[in-house]
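Close look at the chain arrangement
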Amino acid sequence: MNLETELAQIGNRKDKIAGAVNFPIYHSTAYIHPTLEEQTEYNYTRLGNPTRNVLEEAIASLEKGERGFATSSGMAAIQTVFSLFSAGDHIIASLDIYGMTFKLFEEILKNTAIEFTYVDLRDTEQVKGAIKANTKAIYIESPTNPMMQEVDIRVVAHIAKEKELLTIVDNT
């Protein structure tokens, strides 16, 4: 199927209630249950929402991934991704990153003993030189914020793959 067709078909034939061709946006925060003891697939919108489920399925399908995740903001997405890491893990990140991301890394995640090294990701020798035994990922902004530097994602991802590291790309 062509990408344009795939995009046009997101949510098509998924509305089991009314049969809407275009999947509706559910604004509800709470959902009814048959009895107090019986729960349905949806309990409270922060735990699950039909509209978000369709979006997450579409993300997974389009990206050829196992799962897709939708968050309320870019910072929520970054926090979610960094929950993959543990104390003692090392992350390589760009010297030039969004101020709130830097603050998250330096003021919150460092308290969990995750270590960060900042390098110019446009310089492959700096990237390679920053890799340690405990390095788990390379974090890229594309383009960077605030300097709008462009990192060659393919080159950095190749370095990461050679060393069995995750590549995380934020292009919000």
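Residues numbered from 1 in each chain as written. Predicted model: local features only at pLDDT ≥ 70, side-chain atom pairs only at ≥ 80, totals over all residues. Heavy atoms only, no water.

1. Looking at the nonpolar core
Under the convention used in this document: In plain words, nonpolar cores are sets of buried Ala, Val, Leu, Ile, Met, Phe, Trp, Tyr and Cys residues tied together by side-chain atoms within 4.5 Å. Accessible area is worked out with a 1.4 Å probe on protein chains only. A residue is then buried under 20% of its type maximum, exposed over 50%, and partly exposed in between. Contacts between residues were defined by any pair of non-hydrogen atoms, one from each residue, lying within 4.5 Å.
If you look at the biggest cluster of nonpolar residues, it comprises 15 residues, and the most contacted ones within it are Phe 82, Phe 85, Ile 91, Phe 105, Phe 116 and Tyr 139. Not counting residues within four places of it along the chain, the set of residues in contact with Phe 82 comprises Ile 91, Phe 105, Leu 109, Ile 114, Phe 116, Tyr 139 and Ile 168. Grouped together as the second largest cluster of nonpolar side chains are twelve residues, Val 119, Val 127, Ala 130 and Val 156 included.

2. Remarks on the pairing of strand S3 (residues 135-141)
This is how it is decided: To qualify as a helix, a DSSP run of H or I must reach at least 4 residues; to qualify as a strand, a run of E must reach at least 2; elements of each kind are numbered from the N terminus. At least two DSSP bridges between two strands are needed for those strands to be called paired. With its strands directed away from the observer, a crossover is right-handed exactly when the path from the first strand over the helix to the second travels clockwise.
Among the seven residues of S3, six are classified as buried, and the element is accordingly described as predominantly covered. As defined by bridge partners, strand S1 (residues 90-94) adjoins S3 across four bridges and the pair is classed as parallel. Considered in S3, the bridge of Ala 93 is made with Tyr 139. Where S3 lies against strand S4 (residues 166-170), five bridges are found, and the strand directions are parallel. By the bridge assignment, Glu 141 is partnered in S4 with Asp 170. At this point the chain moves from S3, through helix H6 (residues 153-162), to the parallel S4, and the crossover so formed is right-handed.

3. Things to note about the side chain of Glu 6
Rules: None of His or the chain ends enter the tally, which takes Lys and Arg as positive and Asp and Glu as negative. The term salt bridge refers to a side-chain nitrogen of Lys or Arg lying within 4 Å of a carboxyl oxygen of Asp or Glu.
Within the secondary structure, Glu 6 is located in helix H1 (residues 3-8). For the buried Glu 6, no salt bridge exists, and the shortest N-O distance to an oppositely charged side chain is 4.7 Å, to Lys 64. Other than its neighbours up to four places away in sequence, Glu 6 contacts Met 1, Ser 61 and Leu 62.

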